[in-house]
Structure formats: C-alpha cells, structure tokens
Amino acid sequence: MAERILAEAATIAYTLCGNRYLNITSRCTLRCAFCPKFNGSWEVRQYELRLREEPSVEEIIAAAGDPSQYREVVFCGLGEPTRRLEVMLEIAERLRGAGARIRVNTDGLASLVHGRDVTPEFAGRVDAVSISMNAQDEPTYDRHCRPRHPDSFSAMLEFSERIQRYVPEVVMTAIDGLPGVDIAACRRLAEGIGATFRRRVLDVVG
Ligand code: SF4
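Trainee: Before we go on, may I ask you to explain the nonpolar core in this structure?
Mentor: Buried together is how nonpolar side chains tend to be arranged in soluble globular proteins. Counting residues in each nonpolar core, the largest one holds 64 residues, and the members touching the most others are Leu-22 and Phe-122. A total of seven residues in this core trace back to one element, the largest contributor, which is helix 3 (residues 85-97). Beyond its immediate stretch of four places on either side in the chain, Phe-122 contacts Thr-82, Leu-85, Met-88, Leu-89, Val-129, Phe-159, Ile-163, Tyr-166 and Val-167.

Trainee: Just checking my understanding: could you explain the site of the ligand for this structure?
Mentor: Taken together, Cys-28, Leu-30, Cys-32, Phe-34, Cys-35, Phe-38, Leu-78 and Gly-79 make up all the residues around the ligand. The residue inventory of the shell around the ligand, partitioned by class, reads seven nonpolar, one polar and no charged.

Trainee: What am I meant to see in the packing of aromatic side chains here?
Mentor: The description of an aromatic ring pair uses the distance of the two centres, along with the angle that the planes make with each other. Applying the stated criterion across every chain yields a total of four aromatic pairs. A centroid spacing of 5.0 Å and a plane angle of 40 degrees characterise the contact between Tyr-14 and Tyr-47, whose relative ring orientation is tilted. With Tyr-14 in strand 1 (residues 13-16) and Tyr-47 in strand 4 (residues 47-48), this residue pair connects regions lying 33 residues apart in the sequence. Pair check on accessibility: Tyr-14 and Tyr-47 agree, each one buried.

Trainee: How should I be thinking about the environment of Phe-159 in this particular structure?
Mentor: Here Phe-159 lies in helix 6 (residues 152-162). Residue Phe-159 is classed as buried on the basis of its relative accessible area of 2%. Distance in space between the C-alpha atoms of Phe-159 and Ala-135 is 15 Å, their sequence separation being 24 residues. When residues no more than four places from it in sequence are discounted, the contact partners of Phe-159 are Thr-106, Gly-108, Ala-110, Ser-111, Val-118, Thr-119, Phe-122 and Ile-131.

Trainee: Hey, could you run me through helix 3 in this one?
Mentor: Three or four residues apart is the spacing at which side chains of an α-helix point the same way, because the helix has 3.6 residues per turn. Between its first and last C-alpha, helix 3 extends 18 Å over 13 residues, near the 18 Å set by a 1.5 Å rise per residue. For helix 3, the elements touching its buried residues are strand 2 (19-22), helix 2 (57-64), strand 5 (73-75), strand 6 (102-106) and helix 4 (110-114). Following helix 3 by one or two positions, Gly-99 adopts a phi angle in the positive range, close to 105 degrees.

Trainee: Would you explain helix 2 in this entry?
Mentor: For helix 2, the set of buried residues is Val-57, Ile-60, Ile-61 and Ala-64. Buried residues along helix 2 cover an arc of 100 degrees about the axis, so they all sit on one side. One or two steps after helix 2, the chain reaches Gly-65, where phi turns positive at roughly 75 degrees.

Trainee: Can you help me understand the pattern of salt bridges in this one?
Mentor: Opposite charge on two side chains allows them to pair when their charged atoms are near. Applying the stated criterion to the full structure yields 14 salt bridges. A salt bridge links Glu-58 to Arg-94; the shortest N-O distance between them is 3.0 Å. Residue Glu-58 is located in helix 2, and its partner Arg-94 is located in helix 3; the two are separated by 36 residues in the primary sequence. Connected via shared salt-bridge partners are Glu-72, Arg-101, Arg-103 and Glu-169.

Trainee: Teacher, can you tell me more about the pairing of strand 6 here?
Mentor: Remark: a regular strand shows side chains that alternate across the two faces of the sheet. Counting buried residues in strand 6 gives five out of five residues, a clear majority hidden from the surface. For strand 5 and strand 6, the ladder comprises three bridges, and the chain directions are parallel. Bridge pairing in strand 6 places Val-73 opposite Ile-102. Of the pairings in the sheet, the one linking strand 6 to strand 7 (residues 128-132) comprises four bridges and is parallel in character.

Trainee: It is not clear to me how the sheet that holds strand 7 should be interpreted in this structure. Could you clarify?
Mentor: Either a parallel or an antiparallel arrangement is found when strands of a sheet pair, and the pairing is made through backbone hydrogen bonds. Taken in spatial order, the seven strands line up as 1-2-5-6-7-8-9 in an open sheet, and their pairing is mixed. The open sheet has two edge strands, strand 1 and strand 9 (196-201), and neither has a second partner. Strand after strand, the sheet turns through a mean of 25 degrees between neighbouring axes, direction not considered. Looking at chain direction, strand 7 and strand 8 (residues 169-176) are connected through five bridges and run parallel. Looking at strand 8, one finds that Val-129 is bridged to Val-170. Seen against the sheet, helix 7 (residues 183-192) touches strand 8 and strand 9 and runs at an angle of roughly 150 degrees to strand 9.

Criteria and thresholds
- Residues numbered from 1 in each chain as written.
- Predicted model: local features only at pLDDT ≥ 70, side-chain atom pairs only at ≥ 80, totals over all residues.
- Heavy atoms only, no water.
- Core = buried A, V, L, I, M, F, W, Y, C linked by side-chain atoms within 4.5 Å.
- Buried < 20%, exposed > 50% of the residue type's maximum accessible area, 1.4 Å probe, protein only.
- Helix = DSSP H or I, 4+ residues; strand = E, 2+ residues; numbered from the N terminus.
- Contact = heavy atoms within 4.5 Å.
- Near = heavy atom within 4 Å.
- Nonpolar A, V, L, I, M, F, W, Y, C, P; charged D, E, K, R; others polar.
- Phe/Tyr/Trp six-rings, centres within 6.5 Å; stacked < 30°, edge-to-face > 60°.
- Expected span 1.5 Å × (residues − 1).
- Arc of directions from axis to C-beta.
- Salt bridge = Lys/Arg side-chain N within 4 Å of Asp/Glu carboxyl O.
- Pairing = 2+ DSSP bridges.
- Axes fitted to C-alpha atoms, helices over the stretch in contact; angles between N-to-C directions.

So, in structure tokens, the structure goes:
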C-alpha cells in the first residue's frame with residue numbers, strides 16, 4: 001500500500017510549452033555523465049521525475065488527460081521509454097486514436113536492447129522520434145553516454161536509419177557545449193543518413 005501511494009504521488013505526466021510529457025520509467029540503457037539523475041537530481045524544471053514504481057498503462061492514460069488539449073504527447077522523462085516498449089506502443093496507439101500527435105524521445109537503442117529490429121512496430125503509432133545521437137563518433141559518445149552495451153553508437157545509427165521507413169519525422173540531436181562534441185560533424189552525420197538534425201542546449205527539455 002505504501003508503495004502504491006508513492007507511485008500515485010510520482011510525476012507520471014507533466015506539461016511544458018503546450019506539450020504533454022509522459023514519464024513511464026526511470027530505467028535507462030545509458031548512464032549519461034551530463035544527466036541530472038547521475039548528478040544528484042531527479043528534477044526537470046519543477047517536476048520530480050523519479051518513479052519508485054512503474055505506472056500501469058491505465059495509470060499513464062489517466063495521467064495523460066485529454067490529448068486534444070496539447071500540441072504533442074511526448075514520451076520523455078528521466079528514463080528510456082523504449083525499455084517498456086510494449087507499454088509505450090499500446091499507449092501511443094490509444095492516444096493517437098484519440099487525436100494525439102505522438103513523439104518519442106529515445107536513445108535509439110531499442111533494437112539492440114530487445115534483440116530484434118523493433119522499428120516496424122512504430123508504424124502507425126508514432127508520428128515523430130527524436131533520437132539522442134549525442135556525438136559524432138564512438139569514442140566521444142562512449143565518453144559522455146557511458147553505454148552498458150558494446151556497439152551502442154553503431155546500433156543507434158542503424159536504428160536512426162531504419163526508423164525513417166516507419167515514422168514520418170526523425171530528428172537526431174546533440175548537445176552543444178559538451179567537450180569534444182562537434183555539432184557540425186553531428187549535423188553532417190545525421191543528414192547523411194537522411195534524418196533532420198537539431199542542436200540542443202544542456203538542461204533544456206523538449
Ligand atoms: S538517456 Fe536520458 S535519462 Fe537516461 S541517462 Fe541519458 S540523459 Fe539521463
């Protein structure tokens with residue numbers, strides 16, 4: 001019972017800039033050195049995002065509210081949403097059916113983690129993905145993202161290429177200002193595989 005009360009108090013959904021964000025897990029595949037949660041804070045803006053218990057599909061749908069009130073519904077918290085791939089896709093399908101535009105902010109490692117090409121499963125459920133490429137090469141990526149799995153950088157690039165067959169809008173992002181990150185080279189790499197590139201600023205969610 002105590003755990004259930006904690007889960008109900010957690011921030012499952014939050015609103016920023018007219019978008020509704022869904023925080024469905026605190027688990028990650030990466031351990032990014034620049035991440036607030038590895039620097040002593042689980043807060044993004046005024047929202048405390050640590051989930052001590054993962055919410056159910058129905059809890060997330062209830063927390064999402066009326067999707068017509070928002071520009072986009074975005075899967076984004078301080079965890080990787082594709083760690084709960086089936087839950088995420090079910091919610092995406094249901095909210096999209098209710099009129100939402102769906103975006104997934106991801107590390108692009110879902111196929112690596114799940115051991116199969118999961119990109120076709122996004123078709124008709126997700127309108128946009130934003131993939132954190134974070135670096136122009138593997139050594140720089142490994143330095144900042146500290147992946148748990150070998151070959152994460154190349155797996156992220158392959159996911160970014162394949163997902164374009166199934167999702168209309170694919171954006172790859174990198175954070176300007178991290179040591180060794182060459183934003184111009186990141187842009188060339190992203191555009192070279194057919195994605196749009198967006199430069200991000202540290203600590204700005206979106
Ligand atoms: S993927 Fe995102 S939430 Fe996970 S460690 Fe990296 S910055 Fe933090």
